[in-house]
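# Tertiary structure, described
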Amino acid sequence: MEKPSPKTLKEAVTYFSDLDKCDEYMIAVRWPDGQVTCPECGSTNVKRLNGSRLWKCYAKPAHPRVKFSLKRGSIFEDSPLPLDKWFMAMWLI
């Protein structure tokens, strides 16, 4: 999966205002092959839960923290700010 790169401030504001595009960007940066893995066990047997920004690990045996967000295990994990705010701030830097 290729990581998109907005070139101008206007492109960055437009691109990062869409949370789905922020998720795509996070996946492209964190998992360059496009395969999201569980931050708890490393399994690739994960699926995005419909209607939410959470993923669920279906690895056997199950572990206590089967649900996770794309922020888990990253520098953004404990931040209450959504990825759209972080990516815009990082783009500006």
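In short, a report on the structure. (Residues numbered from 1 in each chain as written. Predicted model: local features only at pLDDT ≥ 70, side-chain atom pairs only at ≥ 80, totals over all residues. Heavy atoms only, no water.)

### Considering the pattern of salt bridges
A full pass over the atoms with the stated rule returns 6 salt bridges. Residue R53 pairs with D20 through a salt bridge whose shortest N-O separation is 3.1 Å. Note that R53 is positioned in the loop between β1 (46–48) and β2 (54–57) and D20 in helix α2 (residues 19–30), a separation of 33 residues in sequence. Under the relative-accessibility criterion, R53 is labelled partly exposed at 35%. On the basis of relative accessible area, D20 is assigned to the partly exposed category, the value being 39%. Here R48 ties to D23 by a salt bridge, and the two come within 3.3 Å at their closest N and O atoms. Placement of the pair is R48 in strand β1 and D23 in helix α2, with a sequence separation of 25 residues. In this structure D23 comes out as buried when scored by relative accessible area, which is 9%. Beyond isolated ion pairs, a larger network of salt bridges with shared partners links D20, D23, R48 and R53. (Salt bridge = Lys/Arg side-chain N within 4 Å of Asp/Glu carboxyl O. Helix = DSSP H or I, 4+ residues; strand = E, 2+ residues; numbered from the N terminus. Buried < 20%, exposed > 50% of the residue type's maximum accessible area, 1.4 Å probe, protein only.)

### Here we look at the state of the cysteines
One pass over the full model with this rule turns up 0 disulfides. Take C38: it sits in no disulfide, and the sulfur closest to it among the cysteines is that of C41, at 3.8 Å. (Disulfide = S-S within 2.5 Å.)

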